[in-house]
Amino acid sequence: MVPIKLNLMTKSIGDKKTKTAIFISGTGSNLENLIRFSFSQKSPILIKIIITDNKKARGLKFSKKNNIKKKIFNFSKKKSAETKILKILNDERIKLICLAGFMKILSKKFINNFKGKILNIHPSLLPKYKGLNTHKRAIENNEKYSGCTVHLVNSRLDSGKIILQKKVKIFKKDTAKDLQKRILKQEHLLYPKAIRKLLTNL
Ligand code: GAR
């Protein structure tokens with residue numbers, strides 16, 4: 001496999017870790033999981049800031065709990081929100097952005113500022129089921145499998161280079177909620193692995 005060449009800091013000790021921002025909109029179970037991962041000695045990332053478009057995002061509680069800075073932005077004024085976010089990311093020397101249940105679409109301009117440095121986790125086996133309601137759609141289409149994907153973000157929705165995927169079986173009796181729960185468990189295993197793969201080519 002051809003290694004992904006990125007100009008990212010990849011050493012995994014002390015302040016040599018890759019300074020990372022996590023973007024969330026809701027519950028934040030992936031955020032919590034990535035925080036736990038970042039605390040492990042071998043983690044290549046240091047989470048410097050949590051960014052959200054939703055002041056009521058439940059995941060924001062992990063900011064205080066773990067002493068990680070948080071910033072809330074109003075995406076109804078998307079251009080101005082993105083300009084402010086870019087300034088903060090620059091001030092914090094952020095080199096990697098992980099979208100973790102972030103439900104806003106970032107502009108091409110924003111993405112170009114972090115080309116090859118924005119990861120997203122999506123609850124389907126991309127390129128199948130881009131967008132919303134992935135579990136419901138997979139069940140309605142009688143799919144035997146769904147799963148989750150970590151991919152780089154480009155300017156087309158859920159279409160960037162795939163870093164890792166995990167298949168999850170769909171059982172006959174599954175509701176969308178059942179499937180969502182089982183896939184979320186796999187997301188928590190997949191995201192750290194994908195980050196490690198991106199940053200260290202392991
Ligand atoms: C996760 O299932 C994630 O894959 C999905 O939102 C959920 C967030 O859960 N992301 C998307 O649908 C992005 N298009 P969490 O807030 O508990 O991490």
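Right above here is the structure, for reference.
Residues numbered from 1 in each chain as written. Predicted model: local features only at pLDDT ≥ 70, side-chain atom pairs only at ≥ 80, totals over all residues. Heavy atoms only, no water.

Student: Would you mind going over the site of the ligand in detail, with residue names and values included?
Tutor: The environment of the ligand is formed by Thr-27, Gly-28, Ser-29, Asn-30, Gly-101, Met-103, Ile-121, His-122, Pro-123, Leu-184 and Glu-187. Between the ligand and Ser-29, the relevant distance is 2.6 Å, taken from an oxygen atom to a side-chain nitrogen or oxygen of the residue. Within the side chain of Glu-187, a nitrogen or oxygen atom sits 2.8 Å from an oxygen atom of the ligand. Look at the ligand: alone it shows 450 Å² of surface, and the protein chains cover 86% of it. (Near = heavy atom within 4 Å. Polar contact = N/O pair within 3.5 Å; in protein donor to acceptor, adjacent residues only side chain to side chain. Areas by Shrake-Rupley, 256 points an atom, 1.4 Å probe, with all protein chains shown as cover.)

Student: Go over the state of the cysteines, please, and point to the residues and values.
Tutor: With the rule as written, the count across this model stands at 0 disulfides. As a non-bridged cysteine, Cys-148 has Cys-98 as the owner of its nearest cysteine sulfur, 15 Å distant. (Disulfide = S-S within 2.5 Å.)

Student: Could you give an account of the side chain of Glu-143, with specific residues and numbers?
Tutor: Following the sequence through the fold, Glu-143 ends up in the loop between helix H5 (134–140) and strand E6 (145–152). What makes Glu-143 buried here is its relative accessible area of 18%. Separated by 3.1 Å, the side chains of Glu-143 and Lys-128 make a polar contact. Not counting the four nearest positions on each side in its chain, Glu-143 is found in contact with Lys-128, Tyr-129, Ala-138 and Ile-170. (Helix = DSSP H or I, 4+ residues; strand = E, 2+ residues; numbered from the N terminus. Buried < 20%, exposed > 50% of the residue type's maximum accessible area, 1.4 Å probe, protein only. Contact = heavy atoms within 4.5 Å.)

Student: Break down the packing of helix H1 (residues 29–39) against helix H6 (residues 176–200) for me, with residues and values.
Tutor: Two elements in contact, H1 and H6, have axes whose closest approach is 10 Å; the angle formed by their N-to-C orientations is 45 degrees. Between H1 and H6, the crossing angle belongs to the class labelled oblique. With respect to the hand of their crossing, H1 and H6 are arranged in right-handed fashion. Touching Ser-29, Asn-30, Asn-33, Leu-34 and Phe-37 of H1 are Leu-184, Glu-187, His-188, Tyr-191, Pro-192, Ile-195 and Arg-196, all from H6. (Axes fitted to C-alpha atoms, helices over the stretch in contact; angles between N-to-C directions. Parallel < 35°, antiparallel > 145°, perpendicular 65-115°, else oblique. Left-handed = near helix turned anticlockwise from the far one by under 90°.)

Student: Summarise the environment of Leu-179; cite the residues concerned and give the values.
Tutor: Mapped onto the elements of the fold, Leu-179 is located in helix H6. For the pair Leu-179 and Thr-134, spaced 45 residues apart in the sequence, the C-alpha separation amounts to 9.9 Å. Those residues within four positions of Leu-179 in sequence are excluded, and the remaining contacts are His-135, Ile-139, Ser-146, Val-168, Lys-169, Ile-170 and Asp-174.

Student: Any details on unusual backbone geometry? Residues and values, ideally.
Tutor: Geometrically, the link from Leu-126 to Pro-127 is a cis peptide bond, its omega value of 10 degrees lying close to zero. We note that Asn-67 has phi near 60 degrees; this positive angle belongs to a residue other than glycine. Topologically, Asn-67 is positioned in the loop between helix H2 (61–66) and strand E3 (69–72).

Student: Summarise the pattern of salt bridges; cite the residues concerned and give the values.
Tutor: Here the structure, examined in full by the defined rule, presents 8 salt bridges. Between Asp-91 and Lys-87 there is a salt bridge, with its nearest N and O atoms 2.8 Å apart. In this pair, Asp-91 and Lys-87 are both assigned in helix H3 (residues 78–91), 4 residues apart and thus about one turn of the helix distant. Overall, the relative accessible area of 51% leaves Lys-87 in the exposed class. For Glu-143, the salt bridge identified is with Lys-128, shortest N-O distance 3.1 Å. With Glu-143 in the loop between H5 and E6 and Lys-128 in the loop between strand E5 (118–122) and H5, the pair connects residues that are 15 residues apart, well separated along the chain. (Salt bridge = Lys/Arg side-chain N within 4 Å of Asp/Glu carboxyl O.)

Student: So what's going on with H1? Which residues, and what values?
Tutor: Within H1, 8 of the 11 residues are buried, leaving the element largely enclosed by the surrounding structure. Listing the buried residues of H1 in full gives Ser-29, Asn-30, Leu-31, Asn-33, Leu-34, Ile-35, Phe-37 and Ser-38. Looking at the buried positions of H1, the neighbouring elements they touch are strand E1 (18–24), strand E2 (45–52), H2, strand E4 (96–99), E5 and H6.

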